[in-house]
Amino acid sequence: MSRDRWLESNIDNSLRSEGYNLIIGVDEVGRGPLAGPVVVCAIALPSDHNIKGIIDSKQLSEKERERLSREIREKAIAYSITRTNNKEIDRLNIRNATLKTMRRAVINLIKKLGTKPDIVLIDGREPLDLPVKCKPIIKGDILSENIGAASIVAKVYRDNLMKKLDKKYPGYGFAIHKGYGTKLHYDAIKKLGICEIHRKSFRLF
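Counting restarts for each chain, with residues numbered from 1 along the sequence as it is written. Totals for whole chains, interfaces and linings use every residue, but because this is a predicted model, local features are given only for residues with pLDDT of at least 70 and side-chain atom pairs only at 80 or more, for both listing and counting. Excluding hydrogens and water, the side-chain values take into account all heavy atoms of the structure.

Asker: Could you give an account of the sheet that holds strand E4 (residues 119-123), with specific residues and numbers?
Answerer: DSSP-based pairing: two strands are paired if at least 2 bridges between them are found. For helices the rule is a DSSP run of H or I covering at least 4 residues; for strands it is a run of E covering at least 2, with both sets numbered from the N terminus onward. With mixed pairing, 5 strands are arranged side by side in an open sheet as E3-E2-E1-E4-E5. What marks the edges here is a single partner per strand, and that holds for strand E3 (78-84) and strand E5 (134-137). Going from strand to strand, the sheet's axes swing by 20 degrees on average, the running direction of each strand aside. By definition, residues are in contact when any of their heavy atoms lie within 4.5 Å. Axes, fitted as lines to C-alpha atoms, cover a helix only where it is in contact. Angles between the N-to-C directions of the axes lie from 0 to 180 degrees. Against the sheet, helix H5 (residues 94-113) touches strand E1 (23-29), strand E2 (38-44), E3 and E4, its axis set at about 150 degrees to E3. Here helix H7 (residues 145-168) sits on the sheet and contacts E1, E2, E3, E4 and E5; the angle it forms with E1, its principal contact strand, is near 35 degrees.

Asker: Now, about the pattern of salt bridges: what can you tell me, with residues and values included?
Answerer: A pair is scored as a salt bridge if a Lys or Arg side-chain nitrogen falls within 4 Å of a carboxyl oxygen belonging to Asp or Glu. Summed over the entire model, instances satisfying the criterion amount to 10 salt bridges. The closest approach of N and O atoms between Arg67 and Glu71, which form a salt bridge, is 3.4 Å. Highlighted residues: Arg67 and Glu71, both in helix H3 (residues 62-75), separated by 4 residues, approximately one helical turn. Classification of residues uses two cut-offs on accessible area relative to the type maximum, computed with a 1.4 Å probe and protein chains only: under 20% is buried, over 50% is exposed, and between them is partly exposed. Taking relative accessible area as the criterion, Arg67 reaches 40% and is therefore assigned partly exposed.

Asker: Kindly report on helix H9 (residues 183-192), identifying the contributing residues and their values.
Answerer: Inspection of H9 places His185, Ala188 and Ile189 among the buried residues, and these make up the whole buried set. The arc that holds the buried residues of H9, viewed along the axis, is 100 degrees, so those residues lie on one side. Seen from the buried face of H9, the exposed residues on the opposite side, beyond 90 degrees, are Lys183, Lys190 and Lys191. Residues of H9 that are buried in the fold lie against helix H8 (174-177). With its phi angle positive at about 80 degrees, Gly193 sits one or two positions after the end of H9. Think of it as the arc spanned by the lines of direction from the helix axis to the C-beta atoms.

Asker: Describe the pairing of E1, naming the residues involved and giving the relevant values.
Answerer: Counting buried positions along E1 gives 7 out of 7 residues, so the element sits mostly inside the fold. Burial of the side chains of E1 extends over both faces: Ile23, Gly25, Asp27 and Val29 are buried on one face and Ile24, Val26 and Glu28 on the other. Summarising the sheet, E1 and E4 pair through 4 bridges and their orientation is parallel. Within E4, the position partnered with Val26 by the bridge is Ile122. In the sheet, E1 pairs with E2 via 5 bridges, with the strands oriented antiparallel. Its bridge partner lying in E2, Val26 is registered against Ala42.

Shown next, in the form of structure tokens:
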């Protein structure tokens, strides 16, 4: 799909034509890994942002994501990044931890904006317990430019965090697999055991 055709059909523009001007997009990264936090970004883009490449986020190289994340953060009206660590994930379970982190990101962003948005768009199936109108969207990172932008920013933030944790906990390959359950990761767990950032409620062996 060309960018022009996508711009005609994306949910954000459809909502703006209905009078929804201030739109927040929310997405998480890190729901599936065996280690590290779940990270959420909530973001509000201006309608005239002119950022190209958001719809291709899953096909971007690491370098392209880094560049896009910088541009998105520079041009956003405002954004908020929140995270929940592995211990809290183990305590709450990943679903509840993700929803809690999403809600916190939106509340923080509303405080930054100083006003309530017209609508909050959430990637996934579940709505959030919020004092504003919200709409969950399956495959939202493809269908909504605000959710897509949130996805890119959250991905870059978490990847960089896992690179730092790789230096703190060497040998596991966190800089390579970012905590996901790859063969390299499972082999490292068998050899080294689990470390402080592993999610003990997940299947680690």
